[in-house]
Amino acid sequence: MKTIFLVDDSTTILMSLGDILTKAGFSIEKASDGEAALTKLKGGLKPALIITDLNMPKMNGIELIRSARALPGMRFTPILMLTTESQQAMRDEGKKAGATGWLVKPVAPDQLLGVIKQVLPGS
Amino acid sequence: MLHLHPRYHRHSLAYLRLLGMLVPLVFGMAWLLPFTSLFNALMLSGLVMVAGLLIIAGYWLWGRYRPTDVWFECSQTQIQFWQQLEVGWQRQAELMDSYQQVISQYQAPLDAVIQDTDKAAVEIIERTRELDRQAQALVEYLTSADFNALDLQDEIVKNTQNIAEIVDFIKDLPDHLARDRETVVRVTQEIASLKDTVDSIREISDRTQLLALNAAIEAAHAREAGAGFGVVAEEVKQLARQSEQATTAIQQRIIDAQQIVATGFSNEYDEEARHQLRDAVQVTAFINQLRDNYEDMRQFYKTLLMVSTERNRTLATEIVGLLSNIQYQDIVRQRIERLQLFNSKLTAVVDRLRTKYLQHDPEIGQEINDLYQLIEEFLANEERHMLVNTASDDSAGGGLPAIELF
């Protein structure tokens, strides 16, 4: 069972997306901000995919991606941004930081699972 | 109508007074010239002008640092206008104050909206999870019941087969019994035929006894010589008696056997067997009917399970859709947070305006610019977070795709 790491400061997002992905057959890990997420990754968590929000307290999504990419074994792990931000400038910044893709909230479950299938072949 | 600050009025009055002083001075110097020299006239005029300038400087200084707003002699209308202006400044400051309070008043309800929607969303998710668990448990229960029903059906089929075998056996039983009866009759006849043999044995025994008696008589006649023969005759007599007893016992057993056979194959027994056979056939029919009913029930179970599984699948899809819609709570929360940030900045600008009004400072251009900038920032920020209708359109605000893989 592949593990997806959800990072969002919204409890409801963590719960709802967590349930959707669990029903789709994934194992879920959660963190409520970038700093907590980075601590877990440094602690040895090796998710198959990271889905992170952009605007979060302590450390935002872009900073998290930059820091995560510097960790050993995290260079090619797919990281999706899931945010309400839709402007091109932010997307460019995310892409530059190392994001694999950009999803604008709200994202439909079938679309989310479709994207996951694309970045995680065989899932 | 243009309203000027009282300070401008005071300065204007001072300049008019200076002009009022210079005009008589020039005309006075012209009047002095016929009576004195030009030098004296100039000196006199210079002194007057210096005095006038000193007076104006005094007016200016006094006007700037005077303890009260009204120092010059003004018309009643002007005084009333200044007073109204003063009240106007005060009212503006109060207006800004009340505006600040209004803004601060709906900060708390906005916080409450975030907390309430957050709490409600969490409750919806938890209830949805419970709903999902219950639906899953129902399907598991029905699946388990289906398996149990399958086992039960196998058991019933097996038992029915056993019963059918028993029924077949019972059906064949009359033939078996008839065959057995014929056999037994033949045996009875054979036994009956033994009676003749027994009679013959009995006759032999009787004759042997008689012969033994005659032999004993003959032995008695022979005296000493017939003593041994007499012993033999006695033994023969004993044997004949034992043979008689055995024959009697055999005859009795034959009679008993005949009676047993006659009783065992009586009409009553036949009727009882036929009755039991009818019962067995009825039981078989009942069991067959039960099996048919059970198969109907089993089919109903199967259909129920299939329908329930399908409904559960639909329910699961709906639950996922519901969970997906929970994302809107986060979107609303972020919108409110942006509004709160805007209000916070707005409050700061209004506070600066209020301070300036209290200080009678008319320079509020910076604050006006800040307000316009604030509105622009807010609108730009909202545009960045424009809601996307992912169901019908795959593009975000500004034509950008809602989902983009780099």
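Reading the values: the criteria
- Residues numbered from 1 in each chain as written.
- Chains lettered and ligands numbered in written order.
- Predicted model: local features only at pLDDT ≥ 70, side-chain atom pairs only at ≥ 80, totals over all residues.
- Heavy atoms only, no water.
- Helix = DSSP H or I, 4+ residues; strand = E, 2+ residues; numbered from the N terminus.
- Buried < 20%, exposed > 50% of the residue type's maximum accessible area, 1.4 Å probe, protein only.
- Contact = heavy atoms within 4.5 Å.
- Areas by Shrake-Rupley, 256 points an atom, 1.4 Å probe, with all protein chains shown as cover.
- Axes fitted to C-alpha atoms, helices over the stretch in contact; angles between N-to-C directions.
- Parallel < 35°, antiparallel > 145°, perpendicular 65-115°, else oblique.
- Left-handed = near helix turned anticlockwise from the far one by under 90°.
- Nonpolar A, V, L, I, M, F, W, Y, C, P; charged D, E, K, R; others polar.
- Core = buried A, V, L, I, M, F, W, Y, C linked by side-chain atoms within 4.5 Å.

A. Representation of the overall build of chain B in the model. Within chain B, the regular secondary structure consists of eight helices and one strand. Each helix and strand of chain B, placed in order from N terminus to C terminus, yields the pattern α-α-α-α-α-α-α-α-β. A burial count over chain B gives 25% of its 406 residues as buried. Within chain B, contacts between residues separated by at least 24 positions form 78% of all contacts whose residues are at least 6 apart in sequence. When the accessible surface of chain B is summed, it comes to about 27,700 Å², and 61% of that surface belongs to carbon and sulfur atoms.

B. Broad picture of the packing of helix H1 (residues 11–23) of chain A against helix H4 (residues 107–221) of chain B. Interhelical geometry of H1 of chain A versus H4 of chain B gives an angle of 20° and a closest axis separation of 9 Å. One finds that H1 of chain A runs roughly parallel with respect to H4 of chain B. Along this stretch, H1 of chain A crosses H4 of chain B, giving a crossing that reads as left-handed. Mapping the contact onto sequence places Thr 11, Thr 12, Met 15, Ser 16, Asp 19 and Lys 23 of chain A in H1 of chain A and Asp 118, Ala 121, Val 122, Ile 125, Glu 126, Arg 129 and Asp 132 of chain B in H4 of chain B. Tallied by class, residues from the contact of H1 of chain A with H4 of chain B come to four nonpolar, three polar and six charged.

C. The nonpolar core, seen in detail. In terms of nonpolar packing, the biggest core is built from 29 residues, with Ile 4, Leu 21, Ile 51 and Ile 116 of chain A touching the most fellow members. Mapped onto this core, the elements with two or more residues apiece are strand E1 (3–7), H1, strand E3 (49–52), strand E4 (79–83) and helix H5 (109–119) of chain A together with H4 and helix H6 (267–325) of chain B. Among the nonpolar cores identified, the runner-up in size contains 25 residues, and Phe 5, Val 7, Ile 65 and Met 74 of chain A belong to it.

D. Spatial organisation of the packing of helix H3 (residues 61–69) of chain A against helix H4 (residues 88–97) of chain A. Residues and elements named next belong to chain A. Between H3 and H4, the shortest axis-to-axis distance is 8 Å and the interhelical angle comes to 15°. Compared by their axis directions, H3 and H4 come out roughly parallel. Both H3 and H4 take part in a crossing whose hand is right-handed. On H4, the residues that touch Ile 62, Ile 65, Arg 66 and Arg 69 of H3 are Met 90, Glu 93, Gly 94 and Ala 97. In the contact of H3 with H4, the residues fall into four nonpolar, one polar and three charged.

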